[in-house]
Amino acid sequence: MAYETLLYEKRDSIAYVIVNRPEKLNALNHKVIQELGSCFETAQGDNEVRVVILRGAGEKAFVAGADINELAVQSPVEGKETSLRGQKLLDFIENLGKPVIAAINGYALGGGCELAMACTLRIASENARLGQPEVKLGIIPGYAGTQRLPRLVGKGRALELILTGEPISAQDALRIGLVNQVVPAQELMPAAEKLAQKIIANAPLAIKFALEAVNHGLEVSQAEGQFLEATLFGLCCTTEDMKEGTRAFLEKRAAKFVGK
Ligand code: COA
């Protein structure tokens, strides 16, 4: 499928989603949000895709935020709809059932930082800068940044980023746990692919259930989360891959998983 604002490729069980508006630093306009929705639906429904890697086109930006041209002319009702639409997309990405790796190749600001936070894992290039600058525009984060950022880095650090609006370096993002790894720019995609392949080597249903246990578990009490974990653990015990994984270990050979 051809997209106006995205590039989509598939290679070695990895789907590559590239936000492709480099002249606007890949800012998220309505079209990008809509196309990301259908692109991630495609990746979700494609059994050959085990991991998605998301990045921005060009050398400068992952995504420099929601498109300020659109924001500037929004009515309150449209503003609310924009926020809800963005939140819905990011919820979908977070709960895709397959890991999504954000390869942060430059600015990840506002909606860009929020998009990266909805991904499962984040790798940043050394030149990346991350932040939530919305208050400088008279707004607050609207794609769940006020919710995901404190869950990822803690309330104090989240509020510092949200209230100052100042971006931080990739190294500082690593220090506070906003990204998982920082690598030189030329190593960004190889590092993302290496991480993806480590995940791809594992049992697909175990990956899906582990994601569900963590994502749903964070929304409920620990006791309910543990009950969910035990139930999903039990479900894993019904799979062919569980039999294969445990047998392969005992037979001292590599497991061949089939996702059943
Ligand atoms: N929305 C719309 N357009 C954007 C954008 C955004 N969020 N971020 C960048 N652009 C556009 C610029 O307007 C410019 O377009 P133009 O060439 O037609 O004037 C182009 O992308 C390049 O950006 P520019 O500002 O010239 O690059 P820079 O290197 O000087 O600065 C940033 C880079 C990221 C610091 C700066 O673009 C910026 O602050 N962007 C907005 C970040 C933001 O507030 N995001 C949150 C929005 S809620």
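S.K.: What exactly am I supposed to notice about the sheet that holds strand E6 (residues 107-109) here?
M.R.: Strands in a sheet are paired, the pairing made by backbone hydrogen bonds, and the direction either parallel or antiparallel. One open sheet accounts for 4 strands, arranged E4-E6-E8-E9; its pairing is mixed. For this open sheet the edge positions go to strand E4 (61-63) and strand E9 (168-169), each flanked by a neighbour on one side alone. Pairing geometry for strand E8 (residues 129-131) and E9, over 2 bridges, is antiparallel. Within the sheet, the bridge partner assigned to Leu130 lies in E9 and is Ile168.

S.K.: Explanation requested: the side chain of Gln132 in the structure shown.
M.R.: Examined against the element boundaries, Gln132 turns out to sit in the loop between E8 and helix H5 (145-153). The class for Gln132 is buried, based on a relative accessible area of 0%. For Gln132, the side chain forms a polar contact with the side chain of Glu134, separated by 3.1 Å. For Gln132, the residues in contact, after removing those within four places along its chain, are Gly110, Cys113, Glu114, Met117, Pro141, Leu149, Leu161, Ile162 and Gly165.

S.K.: I tried to follow the packing of helix H3 (residues 76-94) against helix H4 (residues 111-118) on my own but got confused; where do I start?
M.R.: Think of two packed helices as two axes; the pair is described by the angle between the axes and how far apart they sit. Running from N to C, H3 and H4 cross one another at 30°; their axes reach a closest spacing of 8 Å. Classified by the interaxial angle, the pair formed by H3 and H4 is roughly parallel. Here H3 contributes Leu90, Ile93 and Glu94 to the contact with H4, which in turn contributes Glu114, Leu115 and Ala118.

S.K.: How should I be thinking about the site of the ligand in this particular structure?
M.R.: Within the structure, the ligand sits among 18 residues, and Lys24, Lys60, Ala64, Ala66 and Ile68 are positioned closest to it. The separation between an oxygen atom of the ligand and a polar side-chain atom of Lys24 is 2.5 Å. A distance of 2.6 Å is found between an oxygen atom of the ligand and a side-chain nitrogen or oxygen belonging to Lys60. Only helix H2 (68-71) and E6 provide two or more residues apiece to the shell around the ligand. When residues in the shell around the ligand are grouped by element, the largest group, 3 residues, is from H2. A breakdown of the residues in the shell around the ligand according to their chemical character gives 10 nonpolar, 3 polar and 5 charged.

S.K.: Hey, could you run me through the pairing of strand E5 (residues 100-104) in this one?
M.R.: A regular strand carries its side chains on alternate faces of the sheet. The element E5 is largely enclosed, with a buried count of 5 among its 5 residues. Residues of E5 alternate between two faces, with Val100, Ala102 and Ile104 on one and Ile101 and Ala103 on the opposite face, all of them buried. Where strand E3 (residues 51-56) lies against E5, 3 bridges are found, and the strand directions are parallel. Looking across to E5, one finds that Val52 is bridged to Val100. Both E5 and strand E7 (residues 121-125) contribute to a ladder of 4 bridges, which runs parallel. When the bridges of E7 are listed, Ile104 appears paired with Ala124.

Cut-offs used in this document
Residues numbered from 1 in each chain as written. Predicted model: local features only at pLDDT ≥ 70, side-chain atom pairs only at ≥ 80, totals over all residues. Heavy atoms only, no water. Pairing = 2+ DSSP bridges. Helix = DSSP H or I, 4+ residues; strand = E, 2+ residues; numbered from the N terminus. Buried < 20%, exposed > 50% of the residue type's maximum accessible area, 1.4 Å probe, protein only. Polar contact = N/O pair within 3.5 Å; in protein donor to acceptor, adjacent residues only side chain to side chain. Contact = heavy atoms within 4.5 Å. Axes fitted to C-alpha atoms, helices over the stretch in contact; angles between N-to-C directions. Parallel < 35°, antiparallel > 145°, perpendicular 65-115°, else oblique. Near = heavy atom within 4 Å. Nonpolar A, V, L, I, M, F, W, Y, C, P; charged D, E, K, R; others polar.

None of the figures reported here should be taken as evidence of function without further support.
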